[in-house]
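Fold and geometry: a report
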Amino acid sequence: MMDDPNITLDEKSLDAALLRRLAAYARPYRKDLAVAAGLLLLITLGEMAEPYLIMIIIDQHIAKGDIAGILPYAGLFLLAMLWVFALQTWQTVQTRGMGQKIMLDLRAAIFAKIHAQSSRFFDKNPVGGLMTRVIYDVETLNQLFTAGVSAVFQDFFTLVVAGFVLMRMDWRLGLLSISLLPLLGWCTLIFRRRARENFRKVRENT
């Protein structure tokens, strides 16, 4: 890990290697990860319930002039908002706690690796670069575990739940929406590649 900071690999090999190494640090906390994923699923269900309730209020009550019938659904909408807020708070505490545990293990492993190097290693590698790896790079990984992983899970659950609801409401509209996913995936890959290049340039110039 610390032997040669200038080693470069092709992007696919690098991504696969990084994911395997990071997964090893997350494996001891897979129960925490499972709880966080379950919370994200419940949050997604709550967020999907909000527009569904609005649809019922508009189509079945406001459009028909039934103002009194709005009140029960307004109460359910408020409960859904409180449900999402409470679960988001719990999920944030869960993921940040897990991220801090992983970062502690990672920093300890990096420190042990550096501490075991010979004096020749420190002659070849600037102290500033090593400090960047220990402090800033690890903090970037912390953001990956706390925000990045959560975003991936929540986006996946949102696509699945929204796709299911659309197919139940109108299968033609559902198929039309699903047909756009390859285009979105292609755009994401292009953005990811350019963002990686720009981020690398920023890190090289700082």
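Throughout this document, residue positions are counted from 1 along each chain, in the order its sequence is written. Thresholds applied to this predicted model are a pLDDT of at least 70 for local features of residues and 80 or more for the giving and counting of side-chain atom pairs; totals over whole chains, interfaces and linings are not thresholded and use all residues. Only heavy atoms go into the side-chain values, all of them from the structure, while hydrogens and water stay out.

In this section: the packing of helix α5 (residues 127-169) against helix α6 (residues 171-179). Lines fitted to C-alpha atoms define the axes here, with helix axes fitted over just the stretch in contact, and angles between the N-to-C directions of these axes take values from 0 to 180 degrees. Per the convention used, a helix needs a DSSP run of H or I reaching at least four residues, while a strand needs a run of E reaching at least two, with both numbered from the N terminus. In contact at an axis separation of 5 Å, α5 and α6 are set at 145° when each is read in the N-to-C sense. On α6, the residues touching Leu166, Met167 and Met169 of α5 are Trp171, Leu173, Gly174, Leu175, Ser177 and Ile178. Gly falls in the polar group here, along with every residue not listed as nonpolar (Ala, Val, Leu, Ile, Met, Phe, Trp, Tyr, Cys, Pro) or charged (Asp, Glu, Lys, Arg). Looking at the contact of α5 with α6 residue by residue, the classes come out as seven nonpolar, two polar and no charged. Throughout, a contact is declared for two residues whenever any of their heavy atoms are within 4.5 Å.

With that out of the way, let us pick up the nonpolar core. Residues enter a nonpolar core if they are buried and are Ala, Val, Leu, Ile, Met, Phe, Trp, Tyr or Cys, with the set joined through side-chain atoms within 4.5 Å. Exposure is judged per residue with a 1.4 Å probe applied to protein chains only, and the accessible area is read against the type maximum: over 50% gives exposed, under 20% gives buried, and values in between give partly exposed. Core analysis: the largest hydrophobic core is formed by eleven residues, namely Leu22, Ala26, Tyr29, Met98, Ile102, Met103, Leu106, Ile110, Ile114, Val138 and Phe145. Counting only elements with at least two residues in this core, the list comes to α1 (11-26), α3 (70-115) and α5. Tallying contributions element by element places α3 first for this core, with six residues. By size, the runner-up hydrophobic cluster in this structure holds six residues, among which are Leu39, Leu40, Ile43 and Val84.

For salt bridges, the criterion is a side-chain nitrogen of Lys or Arg within 4 Å of an Asp or Glu carboxyl oxygen. Scanning the entire structure with this criterion turns up two salt bridges. Between Lys101 and Asp32 there is a salt bridge, with the nearest N and O atoms lying 3.6 Å from each other. Of the two residues, Lys101 sits in helix α3 while Asp32 sits in helix α2 (residues 30-62), which places them 69 residues apart along the sequence. What makes Lys101 partly exposed here is its relative accessible area of 40%. Asp170 is paired through a salt bridge with Arg172; the nearest N and O atoms lie 3.4 Å apart.

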